[in-house]
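Survey of secondary and tertiary structure
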Amino acid sequence: MGDVPRDVLGPVAGGPAEPAFDGDHPPRRDLVDDCVHCGFCLPTCPTYVLWGEEMDSPRGRIHLMKQGLDGEPMTASMVSHVDSCLGCMACVTACPSGVRYDRLIEDTRQQVERRHPRPRRERALRGAVFSLFPYPRRLRLLRGPLRAYRASGLRAAVRRSGLLPRLAPTLAALDALAPRIGHATRLPARIPAQGRRRATVGMLTGCVQRAFFPEVNAATARVLAAEGCDVVLLPRRQGCCGALSVHNGRRAEARRFARALIDAFDGAGIDRFVVNAAGCGSSLKEYGDLLRDDPAYAERAAAFAGGVRDLSELLAELGPVAPRHPLPLTVAYHDACHLAHAQGIRAQPRELLRGVPGLELREFADPEICCGSAGVWNVLHPEPAGQLGERKARHVLATGADLLVTANPGCLMQIAAAARRLGGALAVAHTAQVLDASIRARPVTDLLR
Ligand code: SF4
Ligand code: SF4
């Protein structure tokens, strides 16, 4: 059952009599009771697909939440089943009863993070992950050393030795995921619309996207400008949106990030706020809920969230005006979970890609099953994440497509790394890069590098 330890089963939050949840936003009983135990969600749940265990299915996890609400203590076993959920929200899409598993798992996770004393090693790992990933400036400092690690041949030597996965699986996972580091791109505070201005949009530059995929941000800004948007970036003022924190139960931290981002764009005069990373977009759309208890921000957060659009969503709303040039390519499009399941955005990116002359779109098997990236899940659970990644990569490689396209940096890294392990080279790109190449009449080789 993957790398999730199941050996300690005793109660851990307080004494044996202490119930799992306190009064600070426990999972809501009415939402728990919406589950009629039909099991329709089971085949779409990646952990159930991997391990076939009821408690690692959405239905099983909801049952554990119910036990907690009924006064059962928070055991290490309960925590491990909660931790092993990828938060992919495939179960929300699959559920015919409309169970809000997204709300349930978020409330449960913040209870776990506040009340469950994790073992020291796990605490240290999580501490390191959350001291690094939500901080674009800290991530950027890694660019030089990572490039040197590759260029010096050290990476190849470490891989040949085969020691890293055995000695330090988390480091091995990070090593496998690390993308090729391209040239740093400095974005200006504002980019004017080309031609008639149709909207003024803010744009999230993000953390991993900004540090390791600056070319995706640059392409996004160019596409927006070409489609008649004034793009407000304010790269010096914006930081993390809080998605990683909120998805991992660190609600107080997520609220701090959310307030800072709302403040950064206060008075910028934007009509919409555009996001090119699926996980960030789904969290930004929930700002109203995240800050609902904060009298100073509740209203502003709800208004901000109402203006958030995924890039593909905004471009579909505006309709294309920039001419597209041919790109003779076959493309496999991967639905990032937080775009398809959490935001219901499936048609818009496909329509945009089909609008490129010469581009052929190919679908692949089991699109609803997560690739195993899921924020930092692949860092915290490298072994099962690797299995999910390889499952996805096999399906993508079977299409014979020239290029894998998706809208989330985590998926790009995860599937490309899995394809490399399987011995298949897979060129990957963000939807924005394909549109940008078509609008600027770039050769397809730009995308296949
Ligand atoms: S969010 Fe994903 S991993 Fe978690 S229970 Fe639902 S389908 Fe399973
Ligand atoms: S599909 Fe919905 S109602 Fe059925 S078991 Fe899953 S969560 Fe419960």
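1. Brief notes about the sheet that holds strand β5 (residues 308-310)
The pairing of strands in a sheet comes from backbone hydrogen bonds and takes either a parallel or an antiparallel form. Judged by pairing direction, the sheet is mixed, and its 5 strands sit side by side in the order β1-β3-β2-β4-β5 without closing on themselves. The two strands at the open ends of the sheet, each matched to only one other strand, are β1 (190-191) and β5. Here helix α20 (residues 311-318) sits on the sheet and contacts β2 (199-203), β3 (229-232), β4 (272-275) and β5; the angle it forms with β5, its principal contact strand, is near 95°.

2. Describing the confidence of the model for the protein
The predicted coordinates should not be examined in detail at positions where pLDDT is low. With 95% of its residues at a pLDDT of at least 70, the protein reaches an overall mean of 92. Ignoring residues within four places in sequence, the model shows residues 1-11, a span with pLDDT below 50, making 32 contacts including any to other chains.

3. A closer look at the packing of helix α24 (residues 382-398) against helix α25 (residues 409-421)
Two elements in contact, α24 and α25, have axes separated by 8 Å at closest approach and are oriented at 80°. Viewed along their axes, α24 and α25 adopt a mutual orientation that is roughly perpendicular. Side by side, α24 and α25 meet where A385, G386, G389, E390, K392, A393, V396 and L397 of the first sit next to Q414, I415, A418, A419 and R421 of the second. Of the residues that constitute the contact of α24 with α25, the class distribution is 7 nonpolar, 3 polar and 3 charged.

4. A word on the side chain of D83
Position of D83 relative to the elements: it lies in helix α4 (residues 76-83). With residues up to four places along the chain from it excluded, the contact list for D83 reads R109, R118, E122, R126, W377 and H381.

5. Quick look at the packing of aromatic side chains
If you walk through the whole model with that rule in mind, you get 4 aromatic pairs. With a centroid separation of 5.9 Å and 25° between ring planes, the pair formed by Y287 and F304 is classed as stacked. In this pair, Y287 is assigned in helix α18 (residues 287-290) and F304 in helix α19 (residues 298-306), connecting sequence segments 17 residues apart. F304 gets classed as buried once you look at its relative accessible area, which sits at 12%. Each member of the aromatic cluster is reached from another via a ring pair, and the members are F265, F273, Y287 and F304. The ring centre of Y135 lies 3.9 Å from the NZ or CZ of R138, which sits over that ring. When the ring centre of Y297 is taken as origin, the NZ or CZ atom of R259, which lies over that ring, is 5.9 Å away.

6. Digging into the site of ligand 2
Among the 13 residues in the neighbourhood of ligand 2, the closest are listed as C35, C38, G39, C41 and C95. Per-class residue counts for the shell around ligand 2 are 9 nonpolar, 3 polar and 1 charged.

7. Looking at the site of ligand 1
Ligand 1 sits among C45, P46, P58, R61, C85, L86, G87, C88, M89, C91 and Y101. Per-class residue counts for the shell around ligand 1 are 9 nonpolar, 1 polar and 1 charged.

8. Side note on the nonpolar core
Counting residues in hydrophobic clusters, the biggest one holds 57 residues, and the most contacted among them are L224, L403 and V434. Of all the elements, helix α14 (residues 214-226) adds the most residues to this core, at 7 residues. Not counting the four nearest positions on each side in its chain, L224 is found in contact with V201, M203, C229, V231, V274, L311, L314 and L315.

9. Regarding the environment of W377
Secondary-structure assignment places W377 in helix α23 (residues 377-380). As a C-alpha pair, W377 and N248 span 129 residues in sequence and 9.2 Å in three-dimensional space. Residue contacts for W377: discarding those within four places in its chain leaves T47, D83, S84, C85, L86, G372, P384, A385 and L388. From its side chain, W377 meets the backbone oxygen of S84 in a polar contact 3.2 Å long.

10. Side note on the pattern of salt bridges
All told, the structure shown has 39 salt bridges when counted by the stated rule. A salt bridge links R259 to D294; the nearest nitrogen and oxygen atoms lie 2.7 Å apart. Of this pair, R259 sits in helix α16 (residues 251-264) while D294 sits in the loop between α18 and α19, and the two are 35 residues apart along the sequence. D335 is paired through a salt bridge with R350; the nearest N and O atoms lie 2.8 Å apart.

Thresholds, definitions, all that
Residues numbered from 1 in each chain as written. Chains lettered and ligands numbered in written order. Predicted model: local features only at pLDDT ≥ 70, side-chain atom pairs only at ≥ 80, totals over all residues. Heavy atoms only, no water. Pairing = 2+ DSSP bridges. Helix = DSSP H or I, 4+ residues; strand = E, 2+ residues; numbered from the N terminus. Contact = heavy atoms within 4.5 Å. Axes fitted to C-alpha atoms, helices over the stretch in contact; angles between N-to-C directions. pLDDT = per-residue confidence, 0-100. Parallel < 35°, antiparallel > 145°, perpendicular 65-115°, else oblique. Nonpolar A, V, L, I, M, F, W, Y, C, P; charged D, E, K, R; others polar. Phe/Tyr/Trp six-rings, centres within 6.5 Å; stacked < 30°, edge-to-face > 60°. Buried < 20%, exposed > 50% of the residue type's maximum accessible area, 1.4 Å probe, protein only. Lys NZ or Arg CZ within 6 Å of the ring centre and 35° of its normal. Near = heavy atom within 4 Å. Core = buried A, V, L, I, M, F, W, Y, C linked by side-chain atoms within 4.5 Å. Polar contact = N/O pair within 3.5 Å; in protein donor to acceptor, adjacent residues only side chain to side chain. Salt bridge = Lys/Arg side-chain N within 4 Å of Asp/Glu carboxyl O.

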